[in-house]
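Residue-level listing of the chains:
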Amino acid sequence: MDSIDTWLDPIEVRQLADRLLQPNFEPASSMASDGFDDGFIGYEADSQLPVAADSPAQRSQRFCDWAKQHHSAKGVFILDHEASVIFDEGGHGQFHFLARSLALAPRRVNASLEPVYLKIAAGMILQIIPFATAQHSFFLGLIISEAPDPAALSSIREAFSKVASISQSEV
Amino acid sequence: MRNNSQLDVISIAVSSQKGGVGKTTVSINLAHSFASAGVKTLLVDADPQGSVGLSLTRQSRRLAGFYDYLANPQIPLEQLIVPTRLKTFSLVPSGQGSDYEAGGSGMGAHLARIKTFLAAVSGQGFDLCLIDTAAGLFGLTGDVITASDAIMIPQQSEPLGIRSVPKLLEGLNRLRVMNPRLSVLGVCLTMVQEDLMESTGAAVALRQLLPPAMVFQTQIPRDGLFVRASARGLPVGVLDEGVRAQAIFDALRAEVESKLKPNGGIRTA
């Protein structure tokens with residue numbers, strides 16, 4: 001008994017098990033806990049990017065449109081740290097678990113999360129860009145034809161940070 | 001409503017984080033128990049090692065099967081179904097899965113095809129589809145679980161197996177994000193050795209660790225009879241000396257049925 005218990009955190013295990021026993025487990029609703037705070041002041045330079053008056057859904061959609069136009073993204077989704085869907089305009093459900101797992105796979109204690117990508121079809125990759133703030137973390141998934149170079153990655157991060165009201169210094 | 005996918009068949013993935021825990025033994029004998037009780041049952045071998053096929057059919061490596069269905073949209077399910085002497089019990093072997101043995105595919109790659117497979121199984125009039133998966137909760141196995149109505153988890157009753165439980169639960173919680181209606185039937189302790197303190201201790205520890213509803217009351221003992229049955233290509237209940245073992249799987253079946261009842265239960269033929 002002791003030899004087993006020392007390896008396990010019984011409270012954590014029980015919490016995980018209890019969650020599994022909930023009938024019809026539902027992830028967070030599509031816009032719950034989305035990380036958009038009231039301090040968001042919009043982005044004036046590019047009319048396509050979200051503005052303060054937008055709802056979270058509108059902001060996400062505008063970011064999606066921006067990513068499609070500026071980076072030829074064929075699909076965009078945004079997950080929270082538990083892989084609950086914040087936004088998915090194209091039904092990319094099959095990639096959600098993969099995105100989160102890939103993003104977290106190389107993580108070491110206190111290591112920052114880095115963008116990763118995976119070839120998912122001929123001429124198509126899934127680019128996963130993790131974002132984190134003190135309160136929230138996100139996984140941004142982009143279906144694009146080729147991995148973005150550092151400048152493009154920076155541009156995407158910048159645009160998304162406006163969407164999620166994350167300052168670049170926090171990312 | 002009888003299941004999550006609105007199909008007439010209920011699909012149960014038999015999966016585990018760790019290999020060699022008795023998934024195939026549980027799958028074969030539980031499927032046989034259901035079939036013996038009149039439930040039209042299809043046992044699907046989704047493990048590229050093909051253990052179900054190797055256990056129940058001598059020519060399984062020559063038969064087309066589940067992996068061929070995934071790879072070739074032209075193959076109809078009817079061509080894959082292998083009948084048994086029990087009218088209500090059929091199986092789909094793993095098939096020629098060599099392409100998958102090297103590590104398989106990413107998560108989600110086969111989800112749509114597996115859903116099509118289950119729809120075809122429903123169309124064939126099966127009441128229950130038990131799917132014996134490869135070890136792990138990722139890749140194709142993750143897709144099978146994501147497409148299924150329920151999952152049961154055989155767990156070897158030994159300390160190392162119990163230590164993998166947190167990882168198992170984490171993995172299942174992630175899969176439930178993708179399949180929120182997945183019913184987790186629970187962990188079934190296998191290879192229990194009453195004469196080995198470490199084995200019985202591990203069983204007790206698991207029952208203390210998890211909520212009672214998460215652990216099947218029925219335990220599968222380590223028994224040479226299962227090896228003998230497999231050597232003869234039969235479910236253990238078919239053997240003359242298999243009455244006691246059959247009773248264990250009948251008890252496990254009753255537990256599965258009671259756990260599925262809130263979802264409408266399993267139709268019987």
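This structure is a prediction, so every number in the text was calculated from the model and none was measured. (Residues numbered from 1 in each chain as written. Chains lettered and ligands numbered in written order. Predicted model: local features only at pLDDT ≥ 70, side-chain atom pairs only at ≥ 80, totals over all residues.)

Student: Residues and numbers for the overall build of chain A, please.
Tutor: What chain A contains, in helices and strands, is 5 helices and 5 strands. Walking chain A from its N terminus toward its C terminus, one meets helices and strands in the order α-α-α-β-β-α-β-β-β-α. Looking at chain A as a whole, 34% of its 171 residues are labelled buried. Excluding contacts between residues fewer than 6 apart, the proportion of contacts in chain A whose partners are at least 24 apart in sequence is 47%. (Helix = DSSP H or I, 4+ residues; strand = E, 2+ residues; numbered from the N terminus. Buried ≥ 20, exposed ≤ 12 C-beta atoms within 10 Å, placed from the backbone. Contact = placed C-beta atoms within 7 Å.)

Student: Would you mind going over the overall build of chain B in detail, with residue names and values included?
Tutor: Of the regular secondary structure elements, chain B holds 11 helices and 7 strands. Split into buried and exposed, the 269 residues of chain B put 54% on the buried side. Long-range contacts, defined here as pairs at least 24 residues apart, represent 78% of the contacts in chain B between residues at least 6 apart.

Student: Can you explain helix H1 (residues 23-36) of chain B? Please cite residues and give values.
Tutor: Residue and element names in this part refer to chain B. Helix length check: H1 (14 residues) gives 20 Å between terminal C-alpha atoms against 20 Å at 1.5 Å per residue, within 8%. Of all 14 residues making up H1, 13 are buried, and the element is well covered by its neighbours. Note on H1: the residue one or two positions beyond its end, Gly38, has a positive phi of about 95°. (Expected span 1.5 Å × (residues − 1).)

Student: Describe the nonpolar core, with residues and values.
Tutor: Counting residues in each nonpolar core, the largest one holds 111 residues, and the members touching the most others are Cys129, Leu130, Ile151 and Leu206 of chain B. The element best represented in this core is helix H8 (residues 165-178) of chain B, accounting for 7 residues. (Core = buried A, V, L, I, M, F, W, Y, C linked by C-beta atoms within 7 Å.)

Student: Any details on the pairing of strand S1 (residues 10-14) of chain B? Residues and values, ideally.
Tutor: Residue and element names in this part refer to chain B. Here S1 lies mainly inside the structure; 5 of its 5 residues are buried. Side chains of S1 alternate between two faces, with Ile10, Ile12 and Val14 and Ser11 and Ala13 buried alike. With 5 bridges connecting them, S1 and strand S5 (residues 128-133) associate as parallel partners. Within the sheet, the bridge partner assigned to Val14 lies in S5 and is Asp132. As judged from the 3 bridges shared by S1 and strand S6 (residues 150-156), these two strands associate in the parallel manner. (Pairing = 2+ DSSP bridges.)

Student: Pulling in residues and values, what's your account of the sheet that holds strand S3 (residues 116-121) of chain A?
Tutor: Picture the strands of a sheet paired through backbone hydrogen bonds; they go either parallel or antiparallel. All names here are of chain A. Reading across the sheet, the 5 strands line up as S2-S1-S5-S4-S3 and stay open at both edges, with antiparallel pairing between neighbours. Each end of this open sheet is capped by a strand with a single partner; those strands are strand S2 (85-88) and S3. On average, adjacent strands in this sheet sit at an angle of 15° to one another, irrespective of strand direction. Of the strand pairs in this sheet, strand S4 (residues 124-132) and strand S5 (residues 137-144) are connected by 8 bridges, and their pairing is antiparallel. When the bridges of S5 are listed, Ile129 appears paired with Leu140. (Axes fitted to C-alpha atoms, helices over the stretch in contact; angles between N-to-C directions.)

Student: Could you give an account of the environment of Lys68 of chain A, with specific residues and numbers?
Tutor: Here Lys68 of chain A is to be found in helix H3 (residues 56-71). Along the backbone, Lys68 of chain A and Ile143 of chain A are 75 residues apart, and their C-alpha atoms lie at a distance of 9.6 Å.

Student: Would you mind going over the packing of helix H5 (residues 111-123) of chain B against helix H6 (residues 139-147) of chain B in detail, with residue names and values included?
Tutor: Residue and element names in this part refer to chain B. As a packed pair, H5 and H6 sit with axes 9 Å apart at the nearest point and diverge in direction by 50°. Viewed along their axes, H5 and H6 adopt a mutual orientation that is oblique. For the pair H5 and H6, the sense of crossing is right-handed. Touching Leu111, Ile114, Lys115 and Leu118 of H5 are Asp143, Val144, Thr146 and Ala147, all from H6. (Parallel < 35°, antiparallel > 145°, perpendicular 65-115°, else oblique. Left-handed = near helix turned anticlockwise from the far one by under 90°.)

Student: Which residues make up the environment of Pro115 of chain A, and what are the values?
Tutor: Residue and element names in this part refer to chain A. Note that Pro115 resides in the loop between helix H4 (93-104) and S3. Since 18 C-beta atoms lie within 10 Å of it, Pro115 is described here as partly exposed. Sequence-distant contacts of Pro115, defined by excluding residues within four places in its chain, comprise Gln127, Ile128, Ile129 and Leu153.

Student: Describe the sheet that holds strand S4 (residues 89-92) of chain B, listing the residues and the values that go with them.
Tutor: Residues and elements named next belong to chain B. The 7 strands are arranged S3-S4-S2-S5-S1-S6-S7 in an open sheet whose pairing can be described as mixed. Edge strands, defined here as strands with exactly one partner in the open sheet, are strand S3 (82-83) and strand S7 (183-190). In this sheet, S4 lies alongside S3 in antiparallel orientation, the contact comprising 2 bridges. From the neighbouring strand, Pro83 faces S4, where its bridge partner is Ser90.

Student: Could you give an account of unusual backbone geometry, naming the residues involved and the relevant values?
Tutor: Residue and element names in this part refer to chain A. Its identity as a non-glycine residue notwithstanding, Ser72 has a phi of 55°, on the positive side. For Ser72, the location among the structural elements is in the loop between H3 and strand S1 (75-80). Taking the C-beta count within 10 Å as the criterion, Ser72 has 13 such neighbours and is therefore assigned partly exposed.

Student: Describe the packing of H1 of chain B against helix H11 (residues 243-260) of chain B, listing the residues and the values that go with them.
Tutor: Residue and element names in this part refer to chain B. Contact geometry for H1 and H11: axes closest at 9 Å, N-to-C directions at 75°. As summarised for this structure, H1 and H11 are arranged roughly perpendicular, according to the angle between their axes. Residues Asn29, Leu30, Ser33 and Phe34 of H1 form the contact with H11, whose participating residues are Gln246, Phe249, Asp250, Leu252 and Arg253. The residue makeup of the contact of H1 with H11, split by class, is 4 nonpolar, 3 polar and 2 charged. (Nonpolar A, V, L, I, M, F, W, Y, C, P; charged D, E, K, R; others polar.)

Student: Go over the confidence of the model for chain A with me, naming the residues and quoting the values.
Tutor: All names here are of chain A. Scored by pLDDT, chain A has a mean of 69; 64% of the residues are at 70 or more. Contacts from residues 26-47, a stretch scored under 50 in pLDDT, to residues over four places away or in other chains number 35 contacts. Taken as a whole, residues 166-171 scores under 50 in pLDDT and shows 13 contacts with residues more than four places along the chain or in a different chain. (pLDDT = per-residue confidence, 0-100.)

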